[in-house]
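Structural description and commentary
Residue-level listing of the chains:
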Amino acid sequence: MDAEHMGADLAKVLLTEQEIQARLGELGQEIWADYHDKNVLLVGVLKGAVVVMADLMRALPGSAEMDWMAVSSYGSGTKSSGVVRILKDLDTDITDRHVLIVEDIIDSGLTLSWIRTNLLSRSPASVEICTLLRKPEAAKVEIDVRYVGFDIPTEFVVGYGLDFAEAYRNLRVVGVLAPHMYT
């Protein structure tokens, strides 16, 4: 779905498809430089990271395995509740594996902090984080993020896997959702 089909749903486009693809290409090169000789497992956080994970994996110069977790902390609202539920756990044993969590966005950091702690309890060789978007001003906990696509303002964004009540995930850009859509 293109931004011009959004009508008044978007207040503005924050990142174009071209900007996103260029940055994911750069991240793919950085990640590969760090992990090309390691048995890395990319762990995508469903559902938002599906688009990011697909394009990031295609940006890697070599092969990497992937697995998925699904957690919930938002419901259908616009702010994280801070209460995390595992909806789907990993299928892969991560003992002694290098794990790279792939996220679409880091907002408060509460959910990701919980996921990282949960994965560290499973005896991996390492756990690092890659996110397409990060909202530094919204952080409620400090999280060391190794790979960041873009730092963005604290606005409610949709597109490129990010949703509002399961809508807008297929938007090719990242846009700020117009306030009248969720107030």
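One can find the structure itself at the top, above this paragraph.
Predicted, not measured: the structure shown is a model, and the values here were computed from it. Position labels on residues start from 1 in each chain and follow its written sequence. Only residues with pLDDT of at least 70 get local features here, since the model is predicted, and only at 80 or more are side-chain atom pairs given and counted; chain-wide, interface and lining totals rely on the full set of residues. Hydrogens are left out, water is left out, and the side-chain values use all remaining heavy atoms of the structure.

Attention shifts here to the sheet that holds strand β4 (residues 85–88). Between any two strands, at least two bridges found by DSSP are needed for them to pair. In DSSP terms, a helix is any run of H or I states spanning at least four residues, a strand is any run of E spanning at least two, and both are numbered starting from the N terminus. The strand order across the open sheet formed by six strands is β4-β3-β2-β5-β6-β7, and the pairing between neighbours is mixed. In the strand order of this sheet, the two ends are held by β4 and β7 (147–151), each with one partner. On average, adjacent strands in this sheet sit at an angle of 30 degrees to one another, irrespective of strand direction. The contact criterion used is simple: two residues touch if any of their non-hydrogen atoms lie within 4.5 Å. For helices, the fitted line uses only the C-alpha atoms of the stretch in contact; every axis is such a line through C-alpha atoms, and the angle between N-to-C directions lies from 0 to 180 degrees. Set on the sheet, helix α1 (residues 17–35) makes contact with β2 (40–46), β5 (98–106), β6 (126–134) and β7; between it and β7 the angle comes to about 160 degrees.

The next thing to look at is the sheet that holds strand β8 (residues 157–158). Reading across from one edge, β1-β9-β8 is the order of the three strands in this open sheet, with antiparallel pairing throughout. Across the chains shown, the open sheet's two edge strands, defined by having one partner strand only, are β1 (10–15) and β8. Where β8 lies against strand β9 (residues 174–177), two bridges are found, and the strand directions are antiparallel. Each bridged residue has a counterpart across the sheet, and for V158 the counterpart in β9 is G175.

In this scheme Phe, Tyr and Trp rings, the latter by its six-membered ring, pair at centre separations within 6.5 Å, and the angle between planes marks the pair as stacked below 30 degrees, edge-to-face above 60, and tilted otherwise. In the structure shown here, the tally under the stated rule is three aromatic pairs. Judged by centre distance (5.7 Å) and plane angle (85 degrees), the ring pair of F156 and F164 falls under edge-to-face. Given the relative accessible area of 12%, F156 is considered buried. Exposure is judged per residue with a 1.4 Å probe applied to protein chains only, and the accessible area is read against the type maximum: over 50% gives exposed, under 20% gives buried, and values in between give partly exposed. On the accessibility criterion, F164 (16% relative accessible area) is buried. Every member of this aromatic cluster is reached through a ring pair, and the members are F156, F164 and Y182.

Before going further, it helps to spend a moment on the pairing of β5. Of all nine residues in β5, nine are buried, a share of seventy percent or more. When β5 meets β6, the two strands line up parallel, connected through eight bridges. Looking at the pairing, I106 lines up with R134 of β6. Look down the strands so they point away from you; if going from the first strand over the helix to the second traces a clockwise path, that crossover is right-handed. A crossover connection joins β5 to the parallel β6 through helix α3 (residues 110–120); in handedness this β-α-β unit is right-handed.

Right, let's talk about the pattern of salt bridges for a bit. In the sections that follow, a salt bridge refers to a side-chain nitrogen of Lys or Arg positioned within 4 Å of a carboxyl oxygen of Asp or Glu. Enumeration over the complete set of coordinates arrives at 17 salt bridges. Among the ionic pairs, R23 bridges to E26, the shortest N-O distance being 3.0 Å. With R23 and E26 both in helix α1 and three residues apart, the pair spans about one turn of that helix. With a relative accessible area of 16%, R23 lands in the buried category. E26 sits in the partly exposed class, given a relative accessible area of 42%. Across the pair D55 and R58 runs a salt bridge, and its minimum N-O distance is 2.2 Å. Placement of both D55 and R58 in helix α2 (residues 49–59) is noted, with a separation of three residues, approximately one turn of the helix.

The next point concerns α3. Among all positions in α3, only T111, L112, I115, N118 and L119 are buried. Take α3 and look down its axis: the buried residues cluster within an arc of 125 degrees, on one side only. Looking at the packing, one finds that the buried side of α3 touches β2, β3 (65–72), β4, β5 and β6. Directions drawn from the helix axis to the C-beta atoms are what define this arc.

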